[in-house]
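Breakdown of the fold
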Amino acid sequence: MMVNNNVNLIQAIKDLKKEKNAIILAHYYQESEIQDIADFVGDSLALAQWAAKTDADIIVLCGVHFMGETAKILCPEKRVFVPDLNAGCSLADSCPADEFEKFIKAHPGHTVISYVNTTAAVKTLTDVVVTSTNARQIVDSFPPETKIIFGPDENLGNYINSLTGRNMVLWKGACHVHEQFSLEKILALKKEHPNALVLAHPECKSVILKIADCIGSTSGLLKFAGNSPSKEFIVATESGILHQMQQKNPDKIFIPAPPNDSTCACNECNFMKLNTLQKLYNCLKNETPEIFIPEEIQKKAVKPIRKMLEISEKLGL
Ligand code: 13P
Ligand code: SF4
């Protein structure tokens, strides 16, 4: 059934949610209508934390596939849906599990730290998972002499190496959205808006991070924008975050950082934007598409995720 009118659609989603004891968790990169109807909107760490503690029977994870997998790994007894299962992640795709396994074997004696943007199979090869909110602190929780493999985001790995003085061995993966930001175009924007601060996600290239006034996860950038006395910001991460930034700070101006080779002024993750309000409705109504993880993989992959949640809790993150 198609529910064309947005008002009806929103009411229908609310009714289905109640009827089925479902919870809607949305990432900051989701389209604004989805963020507005979600029970919780957050970064990758917060989505995992919410999934781990919910008593809902159904979790609809409005985000990309690895986020749905993470929720399912943490709650194998619950049903987890992602409105469009084609919502992948170029960063997760840049790290196939079989090649990562060979990489690990080529570096014996190393602790394996993986960014949450990975498949469940890669998580089974991992000692501890991190997100951009806790990566620095989790790396710091290991003694300085620990030999570490960090994957798959090379930009984030280089950034953490620079912060911690470590020399982690890095897998050379990247996100196609964050790699795209243009230094020249950001500098041109700064000329037009001399008081604007640059906010950048650590998945951006080092040339962008070098000129950033704040480097942080989506939630970190959002918090910084709220606490800063500045009124203008150039935002070098996926443009979906601007919805929350603008909602929480109506008196401030947020300008999306432009990508390199596009006529578009913003930068969108085509995977994140596959989820729509209509697909969210269909998914709740028809209880599909669902995330399934083989038990053997779930049992191994849950360990490094739980480890991340435990360390994060101790650190108050
Ligand atoms: P955050 O954990 O900062 O929300 O990042 C998720 C992501 O996919 C960044 O591209
Ligand atoms: Fe993956 Fe990049 Fe999209 Fe984030 S923005 S979900 S890292 S492709």
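Up top is the structure.
Residues numbered from 1 in each chain as written. Chains lettered and ligands numbered in written order. Predicted model: local features only at pLDDT ≥ 70, side-chain atom pairs only at ≥ 80, totals over all residues. Heavy atoms only, no water.

1. Things to note about the overall build of the protein
Helix and strand counts for the protein come out as 15 helices and 12 strands. Since a compact globule built from 317 residues should have a radius of gyration of about 20 Å, the 19 Å found for the protein is in line with a globular shape. The principal-axis extents of the C-alpha atoms in the protein amount to approximately 55 × 55 × 35 Å. Residues counted as buried form 57% of the 317 residues belonging to the protein. Across the protein, every contact between residues at least 6 apart in sequence was considered, and the portion connecting residues at least 24 apart equals 64%. When the accessible surface of the protein is totalled, it reaches about 13,800 Å², and 52% of it is carbon and sulfur. Positive and negative side-chain charges in the protein, numbering 33 and 37 respectively, have mean positions lying 3 Å apart. (Helix = DSSP H or I, 4+ residues; strand = E, 2+ residues; numbered from the N terminus. Rg over C-alpha atoms; globule rule 2.2 N^0.38 Å. Buried < 20%, exposed > 50% of the residue type's maximum accessible area, 1.4 Å probe, protein only. Contact = heavy atoms within 4.5 Å. Areas by Shrake-Rupley, 256 points an atom, 1.4 Å probe, with all protein chains shown as cover. Lys, Arg positive; Asp, Glu negative; His and termini not counted. Charge placed at Lys NZ, Arg CZ, Asp CG, Glu CD.)

2. As for the site of ligand 1
Taken together, the residues surrounding ligand 1 are His 27, Tyr 29, Asp 43, Ser 44, Asn 117, Ser 132, His 178, His 201, Glu 203, Ser 217 and Thr 218. Between ligand 1 and His 27, the relevant distance is 2.6 Å, taken from an oxygen atom to a side-chain nitrogen or oxygen of the residue. Side-chain polar atom of Asn 117 to an oxygen atom of ligand 1: 3.2 Å apart, as the coordinates give it. Notes on ligand 1: free accessible area 310 Å², of which the protein chains cover 96%. Residue composition of the shell around ligand 1, by class: 1 nonpolar, 8 polar and 2 charged. (Near = heavy atom within 4 Å. Polar contact = N/O pair within 3.5 Å; in protein donor to acceptor, adjacent residues only side chain to side chain. Nonpolar A, V, L, I, M, F, W, Y, C, P; charged D, E, K, R; others polar.)

3. A word on the packing of aromatic side chains
The tally for this structure, following the rule as stated, stands at 5 aromatic pairs. Pairing Phe 233 with Phe 254 gives two aromatic rings, centres 5.3 Å apart and planes at 15°, and the pair type is stacked. Residue Phe 233 is located in strand S11 (residues 232-236), and its partner Phe 254 is located in strand S12 (residues 253-256); the two are separated by 21 residues in the primary sequence. Grouping residues by exposure puts Phe 233 and Phe 254 together as buried. (Phe/Tyr/Trp six-rings, centres within 6.5 Å; stacked < 30°, edge-to-face > 60°.)

4. Here we look at the sheet that holds S12
In spatial order, the strands read S10-S9-S11-S12; together these 4 strands make up an open sheet with parallel pairing. In this open sheet, the two edge strands, each paired with only one partner strand, are strand S10 (214-215) and S12. Sheet topology note: the S11/S12 ladder contains 4 bridges and is parallel. Counterpart to Val 235 in the pairing with S12 is Pro 256. Relative to the sheet, helix H12 (residues 218-227) contacts strand S9 (197-200), S10, S11 and S12, its axis offset from that of S9 by approximately 160°. Relative to S12, helix H13 (residues 241-248) is tilted by about 170°, and along the sheet it contacts S9, S11 and S12. (Pairing = 2+ DSSP bridges. Axes fitted to C-alpha atoms, helices over the stretch in contact; angles between N-to-C directions.)

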